[in-house]
Amino acid sequence: MTPKIPSIELPDEPSTESPAAMISAGGLQVVLDNLDALVYVSDFETYELLYMNAYGRRVWGDIAGRKCWQVLQGSDGPCDFCTNHLLRSPDGSARPPHVWEFQNQVDQRWYQCRDQAIPWSNGKLVRLEIATDITDRKEIELALHKAHERAQAAALEDELTGLPNRRAFFQFGNHILHQTLRNHSTLSMVMVDLDFFKRINDTYGHQAGDEVLIRVSEVMQARLRESDLIARMGGEEFVLLLPDTSTDKACEIAQQLLTLIRALGVPHEGHTIKLSASFGVTSNSPTDPNLEALLQRADQALYQSKEQGRGRISLYAD
């Protein structure tokens, strides 16, 4: 989540203090300098940098008397992707914040930027940007995007649901696991099994069962992030890989998916097929050599959900 800058109290009368001194008031400077994100303020008309926090100064250096495009992009003039025109209305009032992503061509890092117009010490609107480095997540998203393209070419896609199949899951998933281990981050896995699926096939036929699998896969895929991986492992069983996700967050996502599946209701020949699912959740360990270790733990947690009556979520415990 992009850090939010605290509001700045402005004096009734214009201040004679420098911008840096103004923003230092009340220890706000300490807060801003400890954010793991770039925070800067620039003039809309002149592009002069009025403030930059410690994160920015460490990466881009001194800002004194320099323009934002000189410091951040090393260019000879305003950036062609500048968002200044999106931050103010024609009457000069501030518009809502604009959130976007881009790759900085100077350091080649990806950033999520939150830009908005705020009043400065003299009452004039200035540009505030908070830019958070999302390179690791973006690299996973781009890798998955390329992987999905390769999956179609290499027949790694489940024919019924359009999801990656079991083979694709291990191919792409091991790449995500290795990147997780390099970054010392947390990777969670969620196993999903539709409850009493055989009963659906026996009662309504295999065509209805196929429609259920398609609709469930669509609902789950719509809830997940682009950086997440969802695959159909076979039959009525699915698996999710959630990068940068704790077990608590993974359980929360599983609960949301369970709620969506229960609310789904698949129509078939005048009937509505009501659904439920069981979930097993685990997270990676630094000693996990491959995905099979996570899969085994998630499967044990899933088995526990089934043993306890289905339609529930179980977290793997040693």
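Residues numbered from 1 in each chain as written. Predicted model: local features only at pLDDT ≥ 70, side-chain atom pairs only at ≥ 80, totals over all residues. Heavy atoms only, no water.

(A) Geometry of the packing of helix 7 (residues 166-183) against helix 11 (residues 291-307). One can describe the packing of helix 7 onto helix 11 by two numbers: an axis separation of 10 Å at closest approach and a directional angle of 110°. What the angle tells us is that helix 7 and helix 11 run roughly perpendicular. The residues of helix 11 that touch helix 7, namely those facing R166, F169, F170, G173, N174 and L177, are L291, E292, L294 and L295. A class-by-class count of the residues in the contact of helix 7 with helix 11 yields six nonpolar, two polar and two charged. (Axes fitted to C-alpha atoms, helices over the stretch in contact; angles between N-to-C directions. Helix = DSSP H or I, 4+ residues; strand = E, 2+ residues; numbered from the N terminus. Parallel < 35°, antiparallel > 145°, perpendicular 65-115°, else oblique. Contact = heavy atoms within 4.5 Å. Nonpolar A, V, L, I, M, F, W, Y, C, P; charged D, E, K, R; others polar.)

(B) Focus on the nonpolar core. In this structure, V190, V212, V216, L275 and F279 are the most contacted members of the largest nonpolar core, which totals 30 residues. Listed by contribution, the elements that provide at least two residues to this core are strand 6 (187-194), helix 8 (197-204), helix 9 (206-223), strand 8 (237-243), helix 10 (247-264) and strand 11 (277-283). Apart from the residues within four sequence positions on either side, V190 is in contact with F238, V239, L240, L242, A250, A254, F279, G280 and V281. Within the second largest apolar cluster, 24 residues are counted, among which are F169, F170, L294 and L302. (Core = buried A, V, L, I, M, F, W, Y, C linked by side-chain atoms within 4.5 Å. Buried < 20%, exposed > 50% of the residue type's maximum accessible area, 1.4 Å probe, protein only.)

(C) View of helix 9. Taking 1.5 Å as the rise per residue, helix 9 with 18 residues should run 26 Å; its terminal C-alpha atoms sit 26 Å apart, in good agreement. Every buried residue of helix 9 is accounted for by A208, G209, V212, L213, V216, S217, V219 and M220. (Expected span 1.5 Å × (residues − 1).)

(D) Representation of the sheet that holds strand 1 (residues 38-42). Across the sheet, five strands lie side by side as 2-1-5-4-3; this open sheet has antiparallel pairing. With partners counted over all chains shown, the strands left at the sheet margins are strand 2 (49-52) and strand 3 (98-103), one partner each. Adjacent strand axes in the sheet meet at a mean angle of 25°, parallel and antiparallel pairs treated alike. Where strand 1 and strand 2 come together, three bridges link them in antiparallel fashion. Across the sheet, the residue bridging to Y40 is M52, located in strand 2. (Pairing = 2+ DSSP bridges.)

(E) Summary view of the confidence of the model for the chain. Per-residue pLDDT for the chain has a mean of 89; in total, 91% of the residues score no lower than 70. Low pLDDT, under 50, characterises residues 1-15; the predicted model gives this stretch 25 contacts beyond four residues in sequence or across chains. (pLDDT = per-residue confidence, 0-100.)

(F) Structural detail: the sheet that holds strand 7 (residues 229-234). On the basis of which strands lie adjacent, the open sheet formed by five strands has the order 7-8-6-11-12 and mixed pairing. On the outer flanks of this sheet lie strand 7 and strand 12 (313-315), each paired with one strand and no other. With strand direction ignored, the average angle separating the axes of adjacent strands in the sheet is 20°. Of the strands in this sheet, strand 6, strand 8, strand 11 and strand 12 touch helix 10, which is tilted by about 165° from strand 11.

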